[in-house]
Amino acid sequence: MLKDKVIDLFKDAIAKAIEAGELGKLEKVPSQFELDKCKNPDHGDRAISVAMKLAREAKMAPIKIAETIVKHLDYKQIGSVTVVPPGFINIIFDWDFLEANFVEIHSMKDSFGKLDKSQRSKNKILIEYVSANPTGNLHLGHGRQAVLGSALASLLEWAGYDVFSEFYINDAGVQIDKLSVSAKAAIQIQEAVISKEQYPDDAYPFESMIEILKPEIYQGILSEKLQGKIDYKNLDEKLAGEIAKNLFIELQTKVLQDIEVVFDNWFSEKENLHQAENNKVLEICGILEKNGNLYEQEGALWFKAKHFGDERDRVIQKSQGVYTYLAADIAYHKNKYDRGFDKLINIWGGDHHGQEPGIRGAIKAINYDPDRLELIFIQMVSLQKNGVEVKMSKRKGDIVNVDELMEEVGKDALRFFIVDSQANNRMVFDLELAKKQDKDNPVYYIQYAHARAASILRNLSSKRINIESSKEEKAIISESGLKQLLEQDFCSAKSILGRAFNDEEQEEKIDSDQLQTIRTLILELIDFPEAVLDAAEIRAPYKISVYLKNIASLFHQFYNENRVIGVSEELMQARLSIAVASKIVIANALNLLGISAPEKM
RNA sequence: GCGCCCGUAGCUCAGCUGGAUAGAGCAACUGCCUUCUAAGCAGUGGGUCAAUGGUUCGAAUCCAUUCGGGCGUGCCA
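Residues numbered from 1 in each chain as written. Chains lettered and ligands numbered in written order. Predicted model: local features only at pLDDT ≥ 70, side-chain atom pairs only at ≥ 80, totals over all residues. Heavy atoms only, no water.

**Q** Just checking my understanding: could you explain the environment of Ser182 for this structure?
**A** Among the structural elements, Ser182 can be located in helix α6 (residues 174-190). In this structure, the C-alpha to C-alpha distance between Ser182 and Ile586, residues 404 residues apart in sequence, is 48 Å. For Ser182, the contacting residues outside a window of four places in its chain are Tyr199, Ala203, Tyr204 and Met209. One polar contact links the side chain of Ser182 to the main-chain amide nitrogen of Tyr204, over a distance of 3.1 Å. (Helix = DSSP H or I, 4+ residues; strand = E, 2+ residues; numbered from the N terminus. Contact = heavy atoms within 4.5 Å. Polar contact = N/O pair within 3.5 Å; in protein donor to acceptor, adjacent residues only side chain to side chain.)

Printed below as a string of C-alpha cells:
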C-alpha cells in the first residue's frame, strides 16, 4: 500500500534523527501516524502532521521537528517535500512513484483491493445477521440488516479476514406455537372448515399467512405427509406450523438471494440447541447453576445479570417451566465460541440494544471472553416519496416487505442506498430518487462511469464509420493489440504517465487543472486498498460507497477533459491506462458491495 | 426517571483516534452536445457544525451540562 511505503520512510527518518540526537527529548519512533490527504491541492498530494504531535514529547517547536525529519528523509524515493508552518510536511509524489503504485491496479485487476490474508492473525470471524423469525416475510428493517450485513461480510473478506456468515433460525418456543395456531386457522378458513371470523386475534396476520399457505401448496404437502387422508376439521396444529415454518424459511431464503444475500449456514435453534438427548439449553443452565449464577424466585429461575453489569437480573426459565429467549441465546453464543472463531459479530436491530448487557453478562458468567463479541445495531428505515414520509401499511398496499421494495427499485439501487447509510443513523429510503435514471441517482452515476470507461475500450477496437465519407475504417487498435496493452504493457510500463503528462515537448497542451484532475484520480484509485482496510476496521461499508461516489465524479471529470480516441499514440495510451484502471477499481468496489457493474447502459 | 443512538447548508448526508479557508449530492440560477454514452461536465449563491462551558498552540471532532428527536427499559422475541 502506498501509505505504508510513505510512513515507513518517515519512520526511518525519525529513527535516524533520534539516533543523531536531533529530536530533543524524543526517545522512540511513534508506532503509528496518519498520512493525510490534502484538502487544498496547492499544498501537495499528501501531508503528515506528525511533527506537531511529537512537539510536546520532544519539547521542541513543531516546525523544527519537521525540518529535522525532512533532513533525514530519503524523499527522493517518493518525490519532494516541503515544510510549512506550524509544522506540516507536505508531499508531492513524482510520476515514477505514482506509476509504481498505479501499475498494481493493472497487474492485479479484479483482485486489486483484496488485502493479504497472511498479514492477519486472529482472523476467523463469524458474522450473524438477519435471523428473522420464520413466522413471516422479511420487512424493510430485515432488508437493511441483510444488506448491511452482507456488505460487511464481503468487506471483511476483502480485508483478508476468514468470514463465516450465519442466519439463526428461531424455530423453537412460543412464536412457533403461535405460528402453528395461525397456520392451522389459515388453512381451515381456506378449506371452509371454519369461518373467517374465527381466526384467532392473537395470531399472525391472516394476510401474511395466506401469502405462503396457498391451497395448491399446502394441499400437496399435506396429501403427501398424510398419504392423502387429510382431515381439515381435525388438522394437526404442529404439522400446520411445521409446513408454514418451512415455507417461510423458503420464502426468506429466496428474497435474500434476490438481493444477493447468501449465508454459509442457517443455524436451527431447534435442531442444534433443543435436541432431547443433547439439550444445550439445559447444559447452559447447568453451567450457570454450577458457577452460582442462578437463583429461584417466585417460581422462576433467574440469572444474576446485574452482577455482570446489567441493570437488573434476567429470567432464564419462567415459572411455567418454559425457557426464555435469553436461555437459548446464551447456549447459541457458547456454541459460537466453541466453534473456534476469533471474533463474533452480531448485527441486531436497534430496538434490541437492551439485550446487550444480558448476553455480555452471561458470556462473562460462563467464563468466555466478551470482548470477542461485537454487536452492531442497525436503526430503523422509513420510506419517503417526493419528500413525504410513506406510512407503511400493508392494508393500503404500500411497500412493507423487502421483495416489494426490490421489485419497485431493483436490486442495485436497493443495495446501494442501504449500503450508503450508516448503521447507527436512522435511514430514510427515497423511493423516487432510487428509481431515477440520471446523475441525481448515485447508483446510476457510478454505474454510468463504469459503462463509459467500457465504451472507450469498445470503440477503440471496433470498426468505425467515417462521418464525412460514410466509409468504414479499421479499428484504432486491433483486438489483439488491445489485449496486449491490457495484459502486458499496462502492467509493466512504468513511464507511460510520466512521458505523456510530464514531458514539456508534448504537442498537446495539458493545463494545470487537467493535470490536477489526473493526479487526484490516480491517487484515489491507488488508495482503494487503503479504503478497504479503513472501512473494514470500523465495520463501515458506507465508506466504500462514499469512495465510489468520489471516484465516479473524478472519472466523469477526467472523461470530459481527456479524450482517449483521436490523440497522439503516447497520450492515448496514458489516458487509456487511466480509464482502464478506473474501470477496474469501480468494478471491484461495486462487486464488493454486491452491485453490478454494467459494460453498457 | 434511567440506558443506548442521533442532532453539520432549505433537504439527504460526508468529515468525528483533534490539524491548514467545514465538504458532496439534491433543490435554485448560468454556461457546455459536428469529436470515446449530455444517464455527463463546468460555474454562482447558500453554514452561530443544536446550545453553553471546559481541555488544547489548535475543537464540528475530546470532556461536562442543557435542549431537541428516536429506540429500549416484560416470567415477549
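So, next bit.
**Q** Is there a simple way to explain the packing of aromatic side chains in this structure?
**A** What describes a pair of aromatic rings is the distance from one ring centre to the other and the angle between the planes of the rings. Counted under the stated rule, the structure contains 23 aromatic pairs. An angle of 80 degrees between the planes, with centres 6.4 Å apart, marks the rings of Tyr218 and Tyr232 as edge-to-face. Of this pair, Tyr218 sits in helix α8 (residues 215-225) while Tyr232 sits in the loop between α8 and α9 (237-258), and the two are 14 residues apart along the sequence. Look at Tyr232 and you get buried, because its relative accessible area is 14%. Through a chain of ring-to-ring contacts, three or more aromatic side chains come together here, namely Phe112, Trp158, Phe528 and Tyr547. Lying across the ring of Trp158, Lys114 places its NZ or CZ 5.0 Å from the centre. Stacked on the ring of Tyr204, the Lys or Arg Lys178 has its end atom at 4.4 Å from the ring centre. (Phe/Tyr/Trp six-rings, centres within 6.5 Å; stacked < 30°, edge-to-face > 60°. Buried < 20%, exposed > 50% of the residue type's maximum accessible area, 1.4 Å probe, protein only. Lys NZ or Arg CZ within 6 Å of the ring centre and 35° of its normal.)

**Q** Can you walk me through the nonpolar core in this structure?
**A** One recurring pattern in soluble globular proteins is that nonpolar side chains are buried together. Core analysis: the biggest nonpolar cluster contains 138 residues, and Phe429 and Leu576 have the highest contact counts within it. Here this core gets 15 residues from one element, more than from any other, and that element is helix α23 (residues 569-593). Counting residues domain by domain, this core receives three or more from each of domain 1 (2-93) and domain 2 (442-592). (Core = buried A, V, L, I, M, F, W, Y, C linked by side-chain atoms within 4.5 Å. Domains from an automatic or database assignment.)

**Q** Whenever I open this one, the pairing of strand β12 (residues 373-378) confuses me. Can you help?
**A** Across the six residues that make up β12, a large majority, six, are buried. Alternating positions in β12 separate into two faces, Leu373, Leu375 and Phe377 on one and Glu374, Ile376 and Ile378 on the other, with burial throughout. As paired strands, strand β11 (residues 343-349) and β12 are joined by six bridges and run parallel to one another. Paired with Trp348 across the two strands is Phe377, which belongs to β12. (Pairing = 2+ DSSP bridges.)

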